[in-house]
Amino acid sequence: MADYVIGDLQGCFSEFSTLLQRVDFNPSKDHLYLVGDIVARGPDSLACLDYIYQNQDSITITLGNHDLHMIACYYLNKPTNPKDKLSPIFNSHKLTYYIEYLQTQPLALYLKKYNSFISHAGLNPDWSIENALKYAQFAQSCYQSNNAKTFFEQMYKPHPVKWHNDLDDFEKFRYIVNYFTRMRFLTSNNQLELSAKGTTINNNELTPWFMHPNILNIKQDIIFGHWAALEGNTNHKCVHALDTGCVWGNSMTLMKLPSKQKIVEKSHLLSK
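Residues numbered from 1 in each chain as written. Predicted model: local features only at pLDDT ≥ 70, side-chain atom pairs only at ≥ 80, totals over all residues. Heavy atoms only, no water.

Another aspect to go through is the packing of helix α2 (residues 45-54) against helix α5 (residues 95-103). Closest axis-to-axis distance for the α2/α5 pair is 11 Å, and the angle between their directions is 65°. Considering their axes alone, α2 and α5 lie roughly perpendicular with respect to each other. Note on packing geometry: the crossing formed by α2 with α5 is left-handed. On α5, the residues touching Leu-46, Leu-49, Asp-50, Ile-52 and Tyr-53 of α2 are Tyr-97, Tyr-98, Tyr-101 and Leu-102. A breakdown of the residues in the contact of α2 with α5 according to their chemical character gives eight nonpolar, no polar and one charged. (Axes fitted to C-alpha atoms, helices over the stretch in contact; angles between N-to-C directions. Helix = DSSP H or I, 4+ residues; strand = E, 2+ residues; numbered from the N terminus. Parallel < 35°, antiparallel > 145°, perpendicular 65-115°, else oblique. Left-handed = near helix turned anticlockwise from the far one by under 90°. Contact = heavy atoms within 4.5 Å. Nonpolar A, V, L, I, M, F, W, Y, C, P; charged D, E, K, R; others polar.)

Moving on: the environment of Phe-16. Counting through the fold element by element, Phe-16 comes out in helix α1 (residues 13-22). Residue classification places Phe-16 among the buried positions, given a relative accessible area of 0%. Those residues within four positions of Phe-16 in sequence are excluded, and the remaining contacts are Ile-6, Leu-9, Leu-32, Leu-34, Cys-48, Tyr-51, Ile-52 and Met-252. (Buried < 20%, exposed > 50% of the residue type's maximum accessible area, 1.4 Å probe, protein only.)

What follows deals with the packing of aromatic side chains. Under the criterion given, the structure shown has 21 aromatic pairs. For the pair Phe-13 and Phe-16, a centre-to-centre distance of 6.3 Å together with 70° between the ring planes defines the contact as edge-to-face. Taken together, the residues Phe-13 and Phe-16, both in helix α1 and three residues apart, mark about one turn of the helix. Judged by relative accessible area, Phe-13 falls into the partly exposed class, the value being 25%. Ring centres of Tyr-53 and Tyr-101 lie 6.0 Å apart, and the angle between their planes is 80°; on these two criteria the pair is classed as edge-to-face. Of this pair, Tyr-53 sits in helix α2 while Tyr-101 sits in helix α5, and the two are 48 residues apart along the sequence. Take Tyr-101: its relative accessible area is 4%, and that puts it in the buried class. Clustering of aromatic rings is evident, with ring pairs tying together Trp-127, Tyr-135, Trp-163, Tyr-175, Tyr-179 and Phe-180. (Phe/Tyr/Trp six-rings, centres within 6.5 Å; stacked < 30°, edge-to-face > 60°.)

Right, let's get into the layout of surface pockets. Approximately 700 Å³ is the volume attributed to the largest pocket. Around the largest pocket, the lining is made up of 28 residues, and of these Asn-65, His-66, Arg-182, Lys-197 and His-226 lie nearest the centre. Residues belonging to the lining of the largest pocket are distributed by class as follows: ten nonpolar, nine polar and nine charged. (1 Å grid on protein atoms, 1.4 Å probe; cavity = no way out; pocket = protein on both sides within 12 Å on 5 of 7 lines; lining within 4 Å. Points joined across faces, edges and corners; volume = space filled by probe spheres on them.)

Structural data, given as structure tokens:
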């Protein structure tokens, strides 16, 4: 029995399946954790999603921004961006089953036996892992509820500047989702900056979330994706960036648990 984590798939099924072959992944006894953004931009999001769906008892996803956006497009009957290449999923007779399955998946999880926290974008430095899991459960209850459509409508409104008890449920949902799925930089007054997407270089007024003192002193491992520009580097032994930009022609990364050994598969896109 073995446990693995893989970074953002973004529809790169060839690299995904090759990594699974390289570690001899066996769904009958192994478990795979995916950090989210399993769909969008790559050549075969349908194959990625269908493989996961067929092996759902052996796979857990922490949903990413692209995954939530796809679910929102379904609920709101919004056309998808052609660049996301999601038409095969939306034309599939299994579409409803795929959406219902994705809604069962969490925003974050904690693997006690590995002392590891996993989410798509990381951990808000203001949150303990215990509180982060509570917030993730709240957001999950929102996108699983009978009112899910309204929550997805509200997801695209401006980000609340600060968390306070007077926020309504829609604002709390939006605040939580943005930290779990879109976070990269924090401003000097410790607020979420959503427009910057580059590396940590030349951003003197912004701080990567994992360089906040609360994260620098953390004892648990944090495993995340989302930030391809990092190229897997955080310079923090407990913070593991697994999005290595496969869909942009770089690579896809698998990490073995508990050893944290990484196996890298170069993108196949440029060889086709």
